Amino acid sequence: MNADNSQQACSGESAPASAKILPVDPHDVEFIAGLAGEIWRRHYADIISAAQIEYMLKQRYDPRVIRAELRRHDLWWDKLLVGDAITGFASYFLTAQPGEMKLDKLYVHQDHQREGYGGMLIAHACKRARVQGCSRLTLAVNKNNRIAISAYRKHGFQVSEAAMKDIGGGFVMDDYIMVKALESADEERGDR
Ligand SMILES: CC(C)(COP(=O)(O)OP(=O)(O)OC[C@H]1O[C@@H](n2cnc3c(N)ncnc32)[C@H](O)[C@@H]1OP(=O)(O)O)[C@@H](O)C(=O)NCCC(=O)NCCS
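Here the structure is a predicted model, which is why all the values come from computation and not from measurement.

On the basis of which strands lie adjacent, the open sheet formed by 7 strands has the order 1-2-3-4-5-7-6 and mixed pairing. Here the strands that pair on one side only, and so sit at the sheet edges, are strand 1 (19–23) and strand 6 (158–168). In this sheet, adjacent strand axes meet at a mean angle of 30° when their direction is disregarded. Sheet topology places strand 6 next to strand 7 (residues 171–181); 9 bridges connect them, and they run antiparallel.

Here you go:
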């Protein structure tokens, strides 16, 4: 597990107070991989091919891949608990660019979308990024992922550029890069 992944819960701005965010534990990995499959097969069916969905699930959510990521110290995985149920998750990592955190994954189960949980996970990632001294949170989102682009705009991201990436297997990701500027941790605490 990440060394400084605090066990402290974090409340979002508008999400129900009963929900909380905790670090993903190695014991959660199989469940998260299954949850990712459920969300992805439903959400991306109209956006990318079924073959690309299965390829990307294997590439990004194989339990061995997630476990290896949990051992890194520059990458964090969070789970969203609604009651006792893991209902969503996010991961993010420090990039090679100074001051930059990348939101790599953000998923909320379809039964609980539009209830503020995506914003809650983003707020938690922003907090971690600021503690790490970052000034911006970036992400890549499929150009046809209308719902996610709308959610990201709502939560303060703006499109900065388009990016096409070869991910192997004959597949490409045709994305927008979106960026959210962050206040410094000092400003957040009112120290300056
Ligand atoms: C993107 C996602 C994480 C947002 O989570 P969420 O919990 O719904 O987000 P919030 O409740 O904080 O924000 C809701 C906003 O998201 C957008 N949104 C969410 N569901 C939507 C839907 N069915 N139709 C249109 N917009 C939608 C809207 O902008 C909405 O704001 P509004 O209700 O004021 O119109 C979630 O929709 C999701 O998991 N989508 C599928 C996976 C995905 O695309 N992940 C991002 C990969 S880059």
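Here helix 1 (residues 29–43) crosses helix 3 (residues 63–70) at 120°, and the two axes come no closer than 9 Å. In terms of orientation, helix 1 lies oblique with respect to helix 3. Along this stretch, helix 1 crosses helix 3, giving a crossing that reads as right-handed. On helix 3, the residues that touch Val29, Glu30, Ile32 and Ala33 of helix 1 are Pro63, Ile66 and Arg67. Class assignment of the residues belonging to the contact of helix 1 with helix 3 gives a composition of 5 nonpolar, no polar and 2 charged.

Reading the values: rules and limits
- Residues numbered from 1 in each chain as written.
- Predicted model: local features only at pLDDT ≥ 70, side-chain atom pairs only at ≥ 80, totals over all residues.
- Pairing = 2+ DSSP bridges.
- Helix = DSSP H or I, 4+ residues; strand = E, 2+ residues; numbered from the N terminus.
- Axes fitted to C-alpha atoms, helices over the stretch in contact; angles between N-to-C directions.
- Parallel < 35°, antiparallel > 145°, perpendicular 65-115°, else oblique.
- Left-handed = near helix turned anticlockwise from the far one by under 90°.
- Contact = placed C-beta atoms within 7 Å.
- Nonpolar A, V, L, I, M, F, W, Y, C, P; charged D, E, K, R; others polar.

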